[in-house]
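What follows is the residue order along each chain.
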Amino acid sequence: MTAASVLLAPALEAPEFLGAKTRNRWLSLLLRGSVPALVLVAWWYTTTHGLVSTEVLASPGQVVQAFWELVNTGQLWEFGLASFQRAGLGVAIGVSAALVLGLVSGLSRLGEELVDATVQIIRVVPFLALVPLFISWFGVDEAFKVALIAVSSASPMYAYTYLGVRSVDRKVVEAARGFGLRGWRLAVGVVVPSALPNILMALRICLGISLVGLIAAEQVGATAGIGYLVTLAQQYYRNDYMVLCIVIYALIGIGVDLVIRLVERTAMPWLRHGTATA
Amino acid sequence: MSATTVDIDRATTPTDVVVRLCGVTKSFGDKRVLDGIDLDIAPGEFVALLGPSGTGKTTLLRLLSGLQRPDAGTVLVPPVRTVVYQEPRLVQARRVLANVTIGQRGKPAREPGLAALTEVGLADKAREWPATLSGGEAQRVALARALVRQPQLLLLDEPFAALDALTRLQMQELVADLCARHRPAVLLVTHDVDEALLLADRVIVLRAGGFALDRRIDLPHPRDRDDPAVVAHRRDHLSALGVTPRHSPQEH
Ligand SMILES: Nc1ncnc2c1ncn2[C@@H]1O[C@H](COP(=O)(O)OP(=O)(O)O)[C@@H](O)[C@H]1O
Ligand SMILES: [Mg+2]
């Protein structure tokens with residue numbers, strides 16, 4: 001070793017790893033579950049040790065009991081099914097209409113001129129303000145409930161689709177046009193797949209909002225449904241049912257989240273491939 | 001025809017051209033980027049368009065691909081023309097093969113698509129996602145996508161500019177090879193004189209809205225950048241570009 005190299009060569013070291021770290025799946029799952037678990041324990045502890053009155057907050061045991069009551073009377077399935085049908089139909093109608101409108105106004109200038117301003121104005125109207133009007137149009141039956149949910153889920157879907165279509169790389173769209181893709185083939189082949197992250201995010205939000213729609217819709221003219229359950233709990237002042245409703249909504253939330261995650265993984269496989277540089 | 005184009009041997013009759021530009025003018029604001037351009041390209045001819053950045057090379061190419069309209073003059077192009085841009089412009093949400101066959105209908109497009117991928121040496125990447133490709137590979141996919149429809153006119157807008165020097169050399173060879181085999185008319189936009197001289201049958205220098213030089217390069221392929229004939233051409237083209245080389249490679 002020469003003197004120069006002693007002077008010049010700095011101590012070398014392995015570079016710090018800056019890439020995405022892969023985590024242990026089980027540890028990750030454990031950490032994810034830990035906060036909700038802590039909340040559950042706190043709930044259980046405070047309500048069973050008299051720190052919080054069960055008049056104010058029913059204990060987990062009472063809620064589970066209320067749950068079994070519903071299961072045994074068969075009402076849980078009846079209510080779940082009724083709400084599922086209403087929400088499913090309403091979201092399907094609202095989402096597909098909004099998807100088409102969002103695509104039309106995102107893809108064509110004429111479409112934007114005709115659709116966007118109008119929809120943006122309507123979008124600001126809180127859909128709950130439509131309840132009295134819809135009741136006078138559709139009565140208090142299924143049509144009213146489905147329509148309300150459809151309207152409630154249409155606006156986020158429209159906004160996200162429009163945004164998604166607008167943010168598709170214009171250079172890629174230009175290139176695709178150059179290779180002969182026009183009109184709906186351009187939409188289906190290039191624009192919609194590229195806007196899919198936005199569209200699925202919208203679907204998540206729509207499903208959440210449809211639960212709000214359900215509560216509003218099932219307050220009148222309903223004898224079944226998870227929104228109706230809220231009304232029931234309020235009428236009979238049953239704290240255990242009130243809390244049960246929240247638990248049910250939380251479970252639905254988890255379910256929706258899992259389903260959408262699964263859809264995202266299967267519908268957008270390209271997001272899991274490649275690196276940030278490419 | 002304008003005085004700048006007398007340099008070339010016009011054996012082509014009007015029926016024997018795939019591109020005809022007559023008096024093409026294009027301005028942005030009060031800047032006249034193209035000023036009465038006349039240009040004929042023969043079938044199978046490989047034309048390189050040279051010019052410093054901002055002289056309107058891309059603008060000319062966009063006029064030819066229909067992405068822009070001229071302010072004056074006529075633009076005539078063949079029905080099948082494809083473009084390779086500086087960036088690959090692949091649809092990230094579609095697999096490589098689907099990107100190659102984009103805009104073509106159904107199953108029959110599959111085989112030619114695979115054949116084109118094989119030609120650019122990427123047959124094994126057909127089922128990959130674009131984001132997994134390197135820059136050079138992505139650009140080869142873009143080339144396969146342009147070739148698969150057997151264009152009569154292939155437009156290349158600085159397709160090698162974003163690549164590293166080694167990949168660029170490989171891509172240049174590949175393009176020379178594929179164009180020799182498929183014989184589309186090619187308009188290669190570049191700012192690299194050597195690239196133009198290695199690949200093209202004819203090199204045009206665009207400067208101040210018009211052609212400062214339009215010269216046929218009648219040298220056999222493959223060419224050597226140190227060949228005296230190439231060196232002489234290089235000097236002329238550089239001076240047409242307004243660059244006076246202090247010494248050519250020979251004088252080292
Ligand atoms: N859409 C446009 N609007 C305004 N100016 C433009 C537009 N496109 C190109 N230009 C101008 O025209 C000139 C030529 O551009 P371009 O054809 O891209 O040059 P090159 O490809 O030779 O580098 C530049 O000065 C550029 O600023
Ligand atoms: Mg350019």
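Here, every reference points to the structure presented above.
Figured I'd write up the structure that's included with this text. Here the structure is a predicted model, which means the values were calculated and not measured.

We now examine the site of ligand 1. Residue and element names in this part refer to chain B. Near ligand 1 you find Phe-28, Lys-31, Val-33, Pro-52, Ser-53, Gly-54, Thr-55, Gly-56, Lys-57, Thr-58, Thr-59 and Gln-68, and these make up its full shell. Between Thr-59 and ligand 1, the recorded distance is 2.6 Å, taken from a side-chain N or O atom to an oxygen atom. Burial of ligand 1 by the protein amounts to 60% of the accessible area it has alone, namely 560 Å². Of all the secondary structure elements, the ones that give two or more residues to the shell around ligand 1 are β2 (31-41) and α1 (57-64).

In this section: the packing of aromatic side chains. One pass over the full model with this rule turns up 8 aromatic pairs over all chains. Taking the centre distance of 5.9 Å and the plane angle of 70 degrees together, the rings of Phe67(A) and Trp68(A) count as edge-to-face. Ring pairing ties together the aromatic residues Phe134(A), Trp137(A) and Phe138(A), which thus form one cluster. One Lys or Arg, Arg89(B), reaches over the ring of Tyr85(B) and ends 3.8 Å from the middle of that ring.

In this structure, Ala142(B) sits in helix α4 (residues 135-147). Sequence-distant contacts of Ala142(B), that is, excluding residues within four places in its chain, are made with Val84(B), Pro88(B) and Leu90(B).

Residues and elements named next belong to chain B. With respect to topology, 6 strands assemble into an open sheet ordered β5-β6-β7-β3-β8-β9, the strand pairing being mixed. In the strand order of this sheet, the two ends are held by β5 (81-84) and β9 (210-216), each with one partner. With strand direction ignored, the average angle separating the axes of adjacent strands in the sheet is 15 degrees.

All of the buried residues along helix α10 (residues 226-236) of chain A are Ile226(A), Gly227(A), Tyr228(A), Leu229(A), Thr231(A), Leu232(A) and Ala233(A). Packed against the buried residues of α10(A) are α3 (60-72), α4 (75-107), α9 (183-217) and α11 (239-267) of chain A.

Attention now goes to the pairing of strand β7 (residues 185-190) of chain B. Residues and elements named next belong to chain B. A large share of β7 lies buried, amounting to 6 of its 6 residues. Here β7 shows two buried faces, one formed by Ala-185, Leu-187 and Val-189 and the other by Val-186, Leu-188 and Thr-190. Looking at chain direction, strand β3 (residues 46-50) and β7 are connected through 5 bridges and run parallel. Bridge pairing in β7 places Leu-49 opposite Val-189. Bridge count between strand β6 (residues 153-157) and β7: 5 bridges; the pairing is parallel.

Bringing the packing of α4(A) against helix α5 (residues 109-124) of chain A into the picture now. All names here are of chain A. Closest axis-to-axis distance for the α4/α5 pair is 6 Å, and the angle between their directions is 130 degrees. Compared by their axis directions, α4 and α5 come out oblique. Crossing geometry of α4 relative to α5 is assigned as left-handed. Seen from α4, the contacting residues are Leu-101, Val-104, Ser-105 and Leu-107; seen from α5, they are Arg-109, Gly-111, Glu-112, Val-115, Asp-116 and Val-119. Along the lines of polarity and charge, the residues of the contact of α4 with α5 split into 5 nonpolar, 2 polar and 3 charged.

Right, let's get into the interface of chain A and chain B. In this complex, chain A contributes 19 residues to the contact, which on the side of chain B involves 24 residues. Summed over both partners, the interface of chain A with chain B buries about 1800 Å², with 64% contributed by carbon and sulfur atoms. Contact with chain B buries area across many residues of chain A, yet Glu174(A), Phe179(A) and Trp270(A) alone supply 38% of it, more than any other trio. In this structure, the connection of chain A to chain B is made through 3 salt bridges. Note that Glu174(A) and Arg89(B) form a salt bridge whose closest N and O atoms lie 3.0 Å from each other. Across the contact surface, chain A and chain B share 6 residue pairs in polar contact (both at pLDDT 80 or more). For the side of chain A that touches chain B, the secondary structure elements donating two or more residues are α8 (170-178) and α9 of chain A. Examining the composition of the side of chain A that touches chain B, we find that 6 residues originate from one element, α8(A), more than from any other.

Calculation notes
Residues numbered from 1 in each chain as written. Chains lettered and ligands numbered in written order. Predicted model: local features only at pLDDT ≥ 70, side-chain atom pairs only at ≥ 80, totals over all residues. Heavy atoms only, no water. Near = heavy atom within 4 Å. Polar contact = N/O pair within 3.5 Å; in protein donor to acceptor, adjacent residues only side chain to side chain. Areas by Shrake-Rupley, 256 points an atom, 1.4 Å probe, with all protein chains shown as cover. Helix = DSSP H or I, 4+ residues; strand = E, 2+ residues; numbered from the N terminus. Phe/Tyr/Trp six-rings, centres within 6.5 Å; stacked < 30°, edge-to-face > 60°. Lys NZ or Arg CZ within 6 Å of the ring centre and 35° of its normal. Contact = heavy atoms within 4.5 Å. Pairing = 2+ DSSP bridges. Axes fitted to C-alpha atoms, helices over the stretch in contact; angles between N-to-C directions. Buried < 20%, exposed > 50% of the residue type's maximum accessible area, 1.4 Å probe, protein only. Parallel < 35°, antiparallel > 145°, perpendicular 65-115°, else oblique. Left-handed = near helix turned anticlockwise from the far one by under 90°. Nonpolar A, V, L, I, M, F, W, Y, C, P; charged D, E, K, R; others polar. Buried area = accessible area lost by both parts, 1.4 Å probe. Salt bridge = Lys/Arg side-chain N within 4 Å of Asp/Glu carboxyl O.

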